[in-house]
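Given next are the chains, with one letter for each unit.
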Amino acid sequence: MKLLFKNKTKYTKQIYKKFLEFHQEKYGATYMGYTILLIILLIFCVIVQIQSNNYLLSILTTCILIGFIFWRLYNPIKTVQKEIKSEKIENEQEFIFKFYDKKFMIYSKKTNSEIKYWKLYKIFETDDYFYLYIDKEHAFLLSKKGFEIGTPSGFREFIKRKCRFKFKKQ
């Protein structure tokens, strides 16, 4: 297996906050849109139940509505706080990414992982970073300044080929 690209990126609070801003810009409107749509649907269900004089079901639907609103507003805040307090951010952990033809490897002090390119959800390129999303909420952050083998422009072309319809430049 020939090593094509190698990148070292240190995860700091500043880098993570920059990622959060990007993620909010990219997915925030969609998240809010789904939230509003479901709130309207649940309010409609409450109104229909009240008009049908089915008060027990309207109380239950109202409780579900309140729980849903709480979850949609509280969960992202809780997740971000948990991530900021995580060991990788607190200790400014350094990750080494090694890219090969069929997969890439991630090395840290505690774990090593192997990921095939087809498992990536989306890849975004900004002025300073590549964000390799593994699902809608989690991504690997690669600093463009962190390439030890290869260049950011070479990596861009490589990852575009590997993930044809998943790559977007911002």
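One structure accompanies this document, and this report is about it. (Residues numbered from 1 in each chain as written. Predicted model: local features only at pLDDT ≥ 70, side-chain atom pairs only at ≥ 80, totals over all residues. Heavy atoms only, no water.)

Positioned with a positive phi, Asn 53 is a non-glycine residue whose angle comes to about 60°. Overall, the relative accessible area of 54% leaves Asn 53 in the exposed class. One non-glycine residue, Glu 92, lies in the positive phi region at around 50°. Along the chain, the position of Glu 92 falls in the loop between α3 (87–90) and β2 (94–99). (Buried < 20%, exposed > 50% of the residue type's maximum accessible area, 1.4 Å probe, protein only. Helix = DSSP H or I, 4+ residues; strand = E, 2+ residues; numbered from the N terminus.)

It is worth spelling out the packing of aromatic side chains at this point. By the definition in use, this model includes 24 aromatic pairs. Ring centres 5.3 Å apart and planes at 45° place the aromatic pair Phe 5 and Phe 158 in the tilted group. Of the two residues, Phe 5 is situated in strand β1 (residues 5–10) and Phe 158 in helix α4 (residues 152–162); the sequence distance between them amounts to 153 residues. Relative accessible area serves as the criterion here: at 9%, Phe 5 is assigned to the buried category. On the basis of relative accessible area, Phe 158 is assigned to the buried category, the value being 3%. (Phe/Tyr/Trp six-rings, centres within 6.5 Å; stacked < 30°, edge-to-face > 60°.)

Just geometry here; none of it tells us what the structure is for.
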